[in-house]
2 protein chains.
Amino acid sequence: MNASANPPVNTGESSVCAPVAGTLADVDTPCAVVDVATMRRNIARLADRADRLAVTLRPHVKTTKSLDVAAFLHPGAPGPVTVSTLAEAEAFADGGYTDITYAVGIEPYKLPRVIALSRRGVTLRLLLDSYEQASFVAEASREAGIPLPAQIEIDCDGHRGGLKPDAPGLVEIGRILHDARCLDGVLTHAGESYFARTAEEQRLAAKNERDTAVAAAERLRGAGLPVNVVSVGSTPTAHAAEDLTGVTELRAGNYVFFDLVMAGLGVCRVEDIALSVVVTVIGHRPEHGWIMTDGGWMAMSRDRGTAAQVQDQGYGLVTDLAGNLLPGLVMTAASQEHGTLTARDGAVLPELPVGTRLRILPNHACATAAQHRGYHVIDGTRLLGGPGPATEAFWERVSGW
Amino acid sequence: MNASANPPVNTGESSVCAPVAGTLADVDTPCAVVDVATMRRNIARLADRADRLAVTLRPHVKTTKSLDVAAFLHPGAPGPVTVSTLAEAEAFADGGYTDITYAVGIEPYKLPRVIALSRRGVTLRLLLDSYEQASFVAEASREAGIPLPAQIEIDCDGHRGGLKPDAPGLVEIGRILHDARCLDGVLTHAGESYFARTAEEQRLAAKNERDTAVAAAERLRGAGLPVNVVSVGSTPTAHAAEDLTGVTELRAGNYVFFDLVMAGLGVCRVEDIALSVVVTVIGHRPEHGWIMTDGGWMAMSRDRGTAAQVQDQGYGLVTDLAGNLLPGLVMTAASQEHGTLTARDGAVLPELPVGTRLRILPNHACATAAQHRGYHVIDGTRLLGGPGPATEAFWERVSGW
């Protein structure tokens, strides 16, 4: 096991400058591995897009949950991030991040932790979509003597929470917040873009996401309410948007690692997937055409996100330890600590003795990463000749709530 | 948050004797909760069966992964357990457990940790089903000067790994192990019993599991090889077996908590499910018939095990904080940190304001429990009148590999 000390936050490259002895042939399996060369490319791609679109990029750290990864998102100094849990908010506050959007609807039990973060100097932007939430946020702000900035969640595609921009209560909610000095802006998320199967559908989803958020902001402004933040984003729409006029910031999280669902949508290529799980062959059932590994659903998660896509990728595609795809080999079944690999498309099942190490590319990076305490880090450009890629560091994840 | 010190191992009741102030209305959500009254009943039920069947019960701790739970399985002193990872084996060894079966096929990279456990005095029983595995286990035993006990995995139903009892290589594998003083026994697992939909099918699966293991043991004995352990088990077959003549031990893990998959098979009732996830209402979409909560797939897992059953339970059934089912309410969709509850079977969607706390009964206890660092513990018999069940302790889980 290689377990480097936590590298300093926001030094960008530092984490991978002090190689830890060993390679992927030495780590305990199953384990998660991040190829930092691929990750850097993914990060640069969306950063460039955000620059061209003239919006602030506020990465969602729910996928990677790592201060070490965040140092690549915001090299030099902490910047704006989005979180999915208060545990992430607290960990990122500990790491020096002071501009955090908590993008899950707020409820009253969470306010003490929210207020504690605010008292530490963190601008923690809350999300809500109802009169009752706006009321208790306004009341808590007055009681605490600290305005808690809140964004109104806007529904652009019927995916989850939020108000339609023409919803009767929108202006009233805005006014409650404004009167308590809490109105921060509007936020929407095109969750249905994960099911937009063509580039054109994704462009339309991005346009709709932008149009809906801007319409809501304009309606509030029309009622005399100032709207600072107009926040949109999802990994598919962030990569498809052509015009974000009126939008102030873009959110996305999955893009740092990508996965087979995103490759199935055409948002990335399979070779852009930066996260994989290292597994070891533990047996064979030639009569069934099975190779058994020690990577089951505990290591991959139960996510079968590609099941609904044109190409179902089972629990994942298989590569050798260096990251080269083994054509036609798929992880088709999973028990808790067993994975089953089978050949498809007429491929011949390769001979892989017990002890052979492989890597599995996941359906859904957010779900697979969550099964692990952290990531062994490799740099795709630093392959050893024999036993596999060198391990450069171990990056811990934030977990829990 | 209530976080009691770890209670002493194997004092059975001690963990719940020193109440921690608070109730389920105080804990941060989402979180896992175990009702110890229900758990005790489940544990007693299978312990009684094992007594009647005259076999040793070797609980599989992969579901609960908790030394605190294990103290209820083996009150008074540590006893035999089954594990799914070396991390569990090491944690249980730390807790005083010295008789441990590692029920996943062994591969060479794991031998150093296996040998280290053996040197600590743990009898760590390995599993294998091939000539190559038997050879490296025998060689490692000779090199280390410690015989590593190994069981031959027998396939009783084509579910996963193992050799058929009439497989050509069985006796040769037994001989390699015996010659190195490693032959411990045979082990089988009726994994297909999870799809046996009637009590009669489950009885037949249990009979087949027993017959197959005994046949393999008899074949090895017929070749002059001593077989000490004849190990069978799965939660469905453990509750269906009527005769285990020739079997020495029974394994099962899920039964401690049970879940909706087991209830769907008729192995337990819904009211026997000891594990649930406490969630809080964060919003409403009346136009869709949705109640939104803060418990998504990160808290429940992506497991949809009931999807293939007669009654698909979505991501879980919903109870109030005291554990009373809310009839017709189902968690039908999940994002990472959002759950969607909807009404079915003509039920009216109840009025549950933002901040209402609920509990979700999971499809698959092993997968749901794995999403959490540990369990808040309640005792169903100690309900408070108002805010919900009292929290008695916090039990940590073993994680990772």
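Residues numbered from 1 in each chain as written. Chains lettered and ligands numbered in written order. Predicted model: local features only at pLDDT ≥ 70, side-chain atom pairs only at ≥ 80, totals over all residues. Heavy atoms only, no water.

Chain A carries the name Alanine racemase in an unreviewed UniProt entry, which gives Streptomyces alanosinicus as its organism. Of the comments in the UniProt record for chain A, the one headed Sequence similarities (unreviewed entry) reads "Belongs to the DSD1 family." (UniProt positions renumbered as here; feature names shortened; annotations may be inferred.)

Colleague: Would you take a moment to explain the UniProt feature "domain: D-serine dehydratase-like" (unreviewed entry) in chain A for this structure?
Modeller: Here the UniProt-annotated "domain: D-serine dehydratase-like" (unreviewed entry) positions come out as residues 274-379 of chain A. Taken end to end, residues 274-379 of chain A is 8% helix and 43% strand, and its two terminal C-alpha atoms sit 10 Å from one another. (Helix = DSSP H or I, 4+ residues; strand = E, 2+ residues; numbered from the N terminus.)

Colleague: Can you walk me through the interface of chain B and chain A in this structure?
Modeller: Between chain B and chain A, the residue contacts involve 56 residues of the former and 56 residues of the latter. Between chain B and chain A, roughly 4,500 Å² of surface is buried when both sides are summed, and carbon and sulfur atoms account for 55% of that area. When residues of chain B are sorted by the area they lose upon contact with chain A, Tyr109, Arg160 and Trp401 of chain B head the list and together hold 17% of the total. Applying the counting criterion to the chain B and chain A interface returns 8 salt bridges. The shortest N-O distance in the salt bridge between Arg113 of chain B and Asp28 of chain A comes to 3.4 Å. In this assembly, chain B and chain A are joined by 24 residue pairs in polar contact (both at pLDDT 80 or more). Within the residue set of the side of chain B that touches chain A, elements represented by two or more residues are strand 4 (99-105), helix 5 (131-144), strand 10 (275-285), strand 11 (290-293), helix 10 (297-300) and helix 11 (365-369) of chain B. Per-element accounting of the side of chain B that touches chain A gives the leading share, 5 residues, to strand 10 of chain B. When grouped by side-chain class, the residues that make up the side of chain B that touches chain A number 21 nonpolar, 20 polar and 15 charged. (Contact = heavy atoms within 4.5 Å. Buried area = accessible area lost by both parts, 1.4 Å probe. Salt bridge = Lys/Arg side-chain N within 4 Å of Asp/Glu carboxyl O. Polar contact = N/O pair within 3.5 Å; in protein donor to acceptor, adjacent residues only side chain to side chain. Nonpolar A, V, L, I, M, F, W, Y, C, P; charged D, E, K, R; others polar.)

Colleague: Explain unusual backbone geometry to me, please; I cannot follow it from the model alone.
Modeller: Note: most residues except glycine have negative phi, and most peptide bonds are trans. A cis amide bond, omega -5 degrees, links Thr29 of chain A with the succeeding residue Pro30 of chain A. The residue Pro30 of chain A is located in the segment before strand 1 (31-35) in this model. The phi torsion at Asp345 of chain A lies on the positive side, around 55 degrees, for a residue other than glycine. One non-glycine residue, Lys65 of chain B, adopts positive backbone phi at about 50 degrees.

Colleague: Please explain the sheet that holds strand 3 (residues 81-83) of chain B as it appears in this structure.
Modeller: Note: strands within a sheet are paired through backbone hydrogen bonds, in either parallel or antiparallel orientation. Residues and elements named next belong to chain B. Across the sheet, which stays open at both edges, the 8 strands sit in the order 2-9-8-7-6-5-4-3 with parallel pairing between neighbours. In the strand order of this sheet, the two ends are held by strand 2 (56-57) and strand 3, each with one partner. Sheet topology places strand 8 (residues 229-232) next to strand 9 (residues 249-250); 2 bridges connect them, and they run parallel. Across the sheet, the residue bridging to Ser231 is Glu249, located in strand 9. (Pairing = 2+ DSSP bridges.)

Colleague: Just to check I follow, could you spell out the relation of the copies chain B and chain A for this structure?
Modeller: A rotation about some axis, followed by a shift along it, carries one copy of the chain onto the other. Overlay of chain B on chain A (RMSD 0.0 Å): rotation 180 degrees, translation along the axis 0.0 Å. Seen this way, the second copy is the image of the first under a two-fold rotation axis. Taking C-alpha positions as the reference, the residue of chain B nearest the rotation axis is Arg302 of chain B, at 2.5 Å. Comparing interface residues between copies, 100% of those in chain B also lie at the interface in chain A; the contact surface is shared. (Least-squares fit on C-alpha atoms with pLDDT ≥ 70 in both.)

Colleague: Before we go on, may I ask you to explain the packing of aromatic side chains in this structure?
Modeller: Aromatic ring pairs: the centre-centre distance and the angle between the two ring planes describe each pair. With the rule as written, the count across this model stands at 6 aromatic pairs over all chains. With a centroid separation of 5.0 Å and an interplanar angle of 65 degrees, the aromatic rings of Phe92 of chain A and Tyr97 of chain A are classed as edge-to-face. The two residues Phe92 of chain A and Tyr97 of chain A agree in class, both being buried. The cationic tip of Arg304 of chain A hangs over the ring face of Tyr315 of chain A; the distance from NZ or CZ to the ring centre is 5.7 Å. Sitting above the plane of the Tyr109 of chain A ring, Arg357 of chain B keeps its charged end 3.7 Å from the centroid. (Phe/Tyr/Trp six-rings, centres within 6.5 Å; stacked < 30°, edge-to-face > 60°. Buried < 20%, exposed > 50% of the residue type's maximum accessible area, 1.4 Å probe, protein only. Lys NZ or Arg CZ within 6 Å of the ring centre and 35° of its normal.)

Colleague: Quick question: what am I supposed to make of helix 4 (residues 111-119) of chain A here?
Modeller: Think of an α-helix as turning once every 3.6 residues; residues three or four places apart then point the same way. By the burial criterion, the buried members of helix 4 of chain A are Leu111, Arg113, Val114, Ile115, Leu117 and Ser118 of chain A. Following helix 4 of chain A by one or two positions, Gly121 of chain A adopts a phi angle in the positive range, close to 95 degrees.

Colleague: I tried to follow the sheet that holds strand 9 (residues 249-250) of chain A on my own but got confused; where do I start?
Modeller: Residue and element names in this part refer to chain A. If you walk across this open sheet you meet the 8 strands as 2-9-8-7-6-5-4-3, and the pairing is parallel. At either margin of the open sheet sits one strand with a lone partner, and together these are strand 2 (56-57) and strand 3 (81-83). By the bridge criterion, 3 bridges tie strand 3 to strand 4 (residues 99-105) in an arrangement that is parallel. Residue pairing across strands places Val83 opposite Tyr102, the latter belonging to strand 4. Lying over the sheet, helix 5 (residues 131-144) contacts strand 4, strand 5 (123-128) and strand 6 (150-154), oriented at roughly 155 degrees with respect to strand 5. (Axes fitted to C-alpha atoms, helices over the stretch in contact; angles between N-to-C directions.)

Colleague: Which parts of the structure should I look at to understand the packing of helix 6 (residues 170-179) of chain A against helix 7 (residues 199-222) of chain A?
Modeller: How two helices pack is summed up by the angle between their axes together with the distance between the axes. Residues and elements named next belong to chain A. It is at 10 Å that the axes of helix 6 and helix 7 come closest, and there the two elements cross at 65 degrees. Read as a crossing pair, helix 6 and helix 7 show a hand that is right-handed. Taken together, the residues of helix 7 that come into contact with helix 6 (itself represented by Leu170, Val171 and Gly174) are Ala216, Arg219 and Leu220. Across the contact of helix 6 with helix 7, the residue classes break down as 4 nonpolar, 1 polar and 1 charged. (Left-handed = near helix turned anticlockwise from the far one by under 90°.)

Colleague: I would appreciate a short explanation of the environment of Val83 of chain B in the present structure.
Modeller: Residues and elements named next belong to chain B. Within the fold, Val83 resides in strand 3. Take Val83: its relative accessible area is 0%, and that puts it in the buried class. Counting along the chain gives 18 residues from Val83 to Lys65, while the straight-line C-alpha distance between them is 8.5 Å. In contact with Val83, other than residues within four places in its own chain, are His60, Val61, Glu88, Ala89, Ile100, Thr101, Tyr102 and Ala103.

Colleague: Got a minute to help me understand the pattern of salt bridges in this structure?
Modeller: It is possible for side chains of opposite charge to pair when their charged atoms get near one another. Residue and element names in this part refer to chain A. This model, assessed by the stated rule, comprises 52 salt bridges over all chains. Linking Glu271 and Arg269 is a salt bridge whose minimum nitrogen-to-oxygen distance equals 3.7 Å. Arg269 sits in the partly exposed class, given a relative accessible area of 44%. A single network of salt bridges, built from pairs that share partners, joins Arg58, Asp99, Arg125, Asp184 and Glu249.

Colleague: Which parts of the structure should I look at to understand helix 7 (residues 199-222) of chain B?
Modeller: Residue and element names in this part refer to chain B. The end-to-end C-alpha distance of helix 7 is 34 Å, a good match for the 34 Å that 24 residues give at a rise of 1.5 Å each. Of the positions making up helix 7, those classed as buried are Gln202, Ala205, Ala206, Glu209, Arg210, Thr212, Ala213, Val214, Ala216, Ala217 and Leu220. Close packing links the buried residues of helix 7 with strand 6 (150-154), helix 6 (170-179), strand 7 (183-188), strand 8, helix 8 (235-240) and helix 9 (260-265). After helix 7 finishes, the residue Gly224 shows a positive phi value of roughly 85 degrees. (Expected span 1.5 Å × (residues − 1).)

Colleague: What is the right way to read the domain arrangement of chain A from this model?
Modeller: Where the parts come together, the accessible area they lose is often given as the size of the interface. Residues and elements named next belong to chain A. In terms of domain boundaries, chain A breaks down into domain 1 (14-35 + 262-396) and domain 2 (54-256). For domain 1 versus domain 2, the distance between C-alpha centres works out to 33 Å. At the interface, 15 residues of domain 1 touch 18 residues of domain 2. On inspection of domain 1 and its partner domain 2, the count reaches 0 salt bridges. Linking domain 1 with domain 2 are 3 residue pairs in polar contact (both at pLDDT 80 or more), by the criterion used here. Among the secondary structure elements, those contributing two or more residues to the side of domain 1 that touches domain 2 are helix 9 (260-265), helix 11 (365-369) and strand 17 (389-396). With 3 residues, the top contributor of residues to the side of domain 1 that touches domain 2 is helix 11. (Domains from an automatic or database assignment.)

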